[in-house]
Number of protein chains: 2
Amino acid sequence: MNASRTARERVRAELIREITDIARRHLATEGATGLSLRAVAREMGMVSSAIYRYFPSRDDLLTALIIDGYNALGEAVERADAACARDDFTGRWLAACRAVREWALAHPHEYALLYGSPVPGYAAPQDTVAPAVRDTAVYGRIVAEAHRAGRLAPPPICPPPPAILAEDAEIVRSLMPDVPDDVVTRAIVVWTGLFGMVSFELFGQFNNTIAHRTELFEHNMTCLGRLLGLPE
Amino acid sequence: MNASRTARERVRAELIREITDIARRHLATEGATGLSLRAVAREMGMVSSAIYRYFPSRDDLLTALIIDGYNALGEAVERADAACARDDFTGRWLAACRAVREWALAHPHEYALLYGSPVPGYAAPQDTVAPAVRDTAVYGRIVAEAHRAGRLAPPPICPPPPAILAEDAEIVRSLMPDVPDDVVTRAIVVWTGLFGMVSFELFGQFNNTIAHRTELFEHNMTCLGRLLGLPE
DNA sequence: AGCGATTAGAGAGCGGTGCTCTTGACGAAA
DNA sequence: TTTCGTCAAGAGCACCGCTCTCTAATCGCT
């Protein structure tokens, strides 16, 4: 009855896991464009057409890898944040930054899949949105809690955001409750600045230019944290 | 003698130009992975193998497009800067930002080729480095001239950069002469922040979140300019 | 226990890709 | 005029995503 049914489903789930594992390995070594269903099938001792029983298309396999990637990155950021004293907001911010960078350096092709050029003709299905903001959610909590604790003192260098941005701030605020609009927009600059930095490093823009990337990253993330208003 | 030789070479150059033109059009519509030598050859009424007389591999064609892209972007930024009053440094900075964003929005696939995930197995040859920094060179001039004019007043929120970063600053200084180390590192954060913003918008990270992207961009670039020390 | 329905794998095949090699034609130089 | 280098063309190799059909195994239910 149910046991036998789950028996078949269990082997199916196991095969799906094995496929994604092999695919992730191929992704890590060959990159996204080098990921081929046929190669995965070959390595599994399967005929290529059999793979389509489990993933109806290459894009579906890619989607699975993207979701896994978002979750892995989000989990890394969550762990880094959790290891900090709750009221050390600057430390939590820097820990989150390091987690993003280190995960990206360790999984460059997966990072490229998440934050690089979108795969053409591929539209991220709805399943990806929840995992996609796991890292951002951690960041939002840090900002919100720092603000609630009265530890956020943004330097008076930015003009107030235009009123029209209040609408967008309303949506972003779901990730950082009770934070005023100007802090929300500032949080966006800072967050995109982090990924701009990581992408530049990973995508080769620093080649032949920046040698001490860890130090530059540390220093720049500190600056961005100060721009956000985090204490020294 | 020489005239006839150039005759042959001229038709060759013309064909190369036609190939890159068609390829750029395909790139714009299909994206990098959809760019196929066979399709270009088909459109030219050539047999596929003939293309290899002009571009020995697909990567070589891609390299040509990358160089063209860097030049087009660099030229757009140069034009935007040139249209500003020389001593309006904030205006020049914002104009450069807008030029980058607008060029990227108009040529998303080319931007992805330049600043997105690197093509796997593809190493940018040396020919690309000079065009690759055309935009950055404009930025460097703005920063250097603003500093020389004494119009750069960085807010006292960043710690001084660690001494080890002086080596990298030395190299970057070739693009912004006579600028002190702390301004150089600040300039890097700001510059990467610009591209982080553009990439987030272009690569879909703002989907379902940010609606008023132009306004957010304007505001954030203003903030980054202030972080750099540009006047109000 | 046996039967019908469902699921899985195998294989052939389609149209596409990058790339290589050979062949034959043509034009410029000797 | 002959020779030599360049070029388009064609066939072909190995790969790709994906579809279809056929067979065999497995499962659910009577």
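These figures come from a predicted structure and were not determined experimentally.

> Report on the overall build of chain A, specifying residues and quantitative values.
Broken down by element type, chain A carries 11 helices and zero strands. Listing every helix and strand of chain A by position from the N terminus yields α-α-α-α-α-α-α-α-α-α-α. Along the first, second and third principal axes, the C-alpha set of chain A runs to 65 × 50 × 35 Å. In chain A, which comprises 232 residues, the proportion classed as buried is 51%. A sequence separation of at least 24 residues applies to 72% of the contacts in chain A between residues at least 6 apart. When the accessible area of chain A is evaluated, it comes to approximately 10600 Å², of which 54% is carbon and sulfur surface. Counting 24 positive and 29 negative side-chain charges, chain A places the centres of these two groups 6 Å from one another.

> Could you give an account of the nonpolar core, with specific residues and numbers?
Formed by 156 residues in total, the largest nonpolar core has its most connected members in Trp 93 and Leu 194 of chain A together with Trp 93 and Leu 194 of chain B. Aside from chain neighbours lying at most four places away, what touches Trp 93 of chain B is Tyr 139, Ile 142, Val 190, Trp 191, Leu 194, Met 221, Leu 224, Gly 225 and Leu 230 of chain B.

> Residue-level account of the protein's contact with DNA strand C, with values.
Taken together, 21 residues lie around DNA strand C, and Ser 49, Arg 53 and Tyr 54 of chain A together with Arg 38 and Arg 42 of chain B are the ones closest in. For DNA strand C, the fraction of protein-proximal atoms (within 4 Å) that sit in sugar or phosphate groups is 48%. The contact in question runs from a phosphate oxygen of DNA strand C to an N or O atom on the side chain of Arg 42 of chain B, over 2.6 Å. Within the backbone of Arg 58 of chain B, one N or O atom sits 2.7 Å away from a phosphate oxygen of DNA strand C. When contributions to the surface near DNA strand C are tallied by element, the ones reaching two or more residues are α1 (2-30) of chain A together with α2 (37-44) and α3 (48-51) of chain B. Taken together, the residues that form the surface near DNA strand C break down as eight nonpolar, six polar and seven charged.

> Now, about helix α11 (residues 213-228) of chain A: what can you tell me, with residues and values included?
Given a rise of 1.5 Å per residue, 16 residues ought to cover 22 Å, and the 22 Å separating the end C-alpha atoms of α11 of chain A matches this to within 8%. By the burial criterion, the buried members of α11 of chain A are Leu 216, Phe 217, His 219, Asn 220, Met 221, Cys 223, Leu 224, Gly 225, Arg 226, Leu 227 and Leu 228 of chain A. Buried residues belonging to α11 of chain A abut α5 (89-106), α8 (134-148) and α10 (181-202) of chain A together with α10 (181-202) and α11 (213-228) of chain B. Of the residues one or two after α11 of chain A, Gly 229 of chain A is the one with positive phi, at around 110°.

> Provide a residue-level description of the UniProt feature "DNA-binding region" (unreviewed entry) in chain A, including the pertinent values.
Following the UniProt record, the feature "DNA-binding region" (unreviewed entry) maps to residues 36-55 of chain A here. From the first C-alpha to the last, residues 36-55 of chain A spans 12 Å; its make-up is 55% helix and 0% strand.

> Residue-level account of the interface of chain A and chain B, with values.
At the interface, 51 residues of chain A touch 51 residues of chain B. Across the chain A to chain B interface the summed buried area is about 4400 Å²; carbon plus sulfur atoms make up 71%. The largest contributions to the chain A side of the interface with chain B come from Ile 157, His 212 and His 219 of chain A, which together make up 13% of the buried area. Across the chain A-chain B interface, the total number found is zero salt bridges. Seen at the junction of chain A and chain B, the total is 13 residue pairs in polar contact (both at pLDDT 80 or more).

> Which residues make up the packing of helix α4 (residues 58-82) of chain A against helix α6 (residues 108-115) of chain A, and what values do they have?
Residues and elements named next belong to chain A. Where α4 meets α6, the closest approach of the two axes is 9 Å, and the angle between their N-to-C directions is 105°. Judged by the inter-axis angle, α4 sits roughly perpendicular to α6. Taken together, the residues of α6 that come into contact with α4 (itself represented by Leu 62, Leu 65, Ile 66, Gly 69, Tyr 70 and Leu 73) are Glu 110, Leu 113, Leu 114 and Tyr 115.

> Run through the state of the cysteines, naming residues and quoting values.
In the structure shown here, the tally under the stated rule is two disulfides over all chains. Each disulfide pairs two cysteine sulfurs, and for Cys 158 of chain A the partner residue is Cys 223 of chain B, the sulfurs being separated by 2.5 Å. With Cys 158 of chain A in the loop between α8 and α9 (165-172) and Cys 223 of chain B in helix α11, this residue pair bridges two chains. Its relative accessible area of 14% is what places Cys 158 of chain A among the buried residues.

> Residue-level account of the environment of Arg 148 of chain A, with values.
All names here are of chain A. Among the secondary structure elements, Arg 148 is positioned in helix α8. With relative accessibility at 66%, the residue Arg 148 sits in the exposed group. Sequence separation between Arg 148 and Asp 178 is 30 residues; the distance between their C-alpha atoms is 7.9 Å.

> I'd like a rundown of the relation of the copies chain A and chain B, residues and numbers included.
For the pair chain A and chain B, the superposition axis carries a translation of 0.0 Å, the fit reaches an RMSD of 0.1 Å, and the rotation angle comes to 180°. Here the copies are linked by what is in effect a two-fold axis.

> How would you sum up the side chain of Thr 136 of chain A? Please name residues and give values.
All names here are of chain A. Along the chain, the position of Thr 136 falls in helix α8. According to the relative accessible area criterion, Thr 136 is buried, its value standing at 18%. Among the polar contacts made by the side chain of Thr 136, one reaches the side chain of Trp 191 at a distance of 3.5 Å. Excluding residues that lie within four positions of it along the chain, Thr 136 makes contacts with Leu 175 and Trp 191.

What counts, and at which threshold
- Residues numbered from 1 in each chain as written.
- Chains lettered and ligands numbered in written order.
- Predicted model: local features only at pLDDT ≥ 70, side-chain atom pairs only at ≥ 80, totals over all residues.
- Heavy atoms only, no water.
- Helix = DSSP H or I, 4+ residues; strand = E, 2+ residues; numbered from the N terminus.
- Buried < 20%, exposed > 50% of the residue type's maximum accessible area, 1.4 Å probe, protein only.
- Contact = heavy atoms within 4.5 Å.
- Areas by Shrake-Rupley, 256 points an atom, 1.4 Å probe, with all protein chains shown as cover.
- Lys, Arg positive; Asp, Glu negative; His and termini not counted.
- Charge placed at Lys NZ, Arg CZ, Asp CG, Glu CD.
- Core = buried A, V, L, I, M, F, W, Y, C linked by side-chain atoms within 4.5 Å.
- Near = heavy atom within 4 Å.
- Polar contact = N/O pair within 3.5 Å; in protein donor to acceptor, adjacent residues only side chain to side chain.
- Nonpolar A, V, L, I, M, F, W, Y, C, P; charged D, E, K, R; others polar.
- Expected span 1.5 Å × (residues − 1).
- UniProt positions renumbered as here; feature names shortened; annotations may be inferred.
- Buried area = accessible area lost by both parts, 1.4 Å probe.
- Salt bridge = Lys/Arg side-chain N within 4 Å of Asp/Glu carboxyl O.
- Axes fitted to C-alpha atoms, helices over the stretch in contact; angles between N-to-C directions.
- Parallel < 35°, antiparallel > 145°, perpendicular 65-115°, else oblique.
- Disulfide = S-S within 2.5 Å.
- Least-squares fit on C-alpha atoms with pLDDT ≥ 70 in both.

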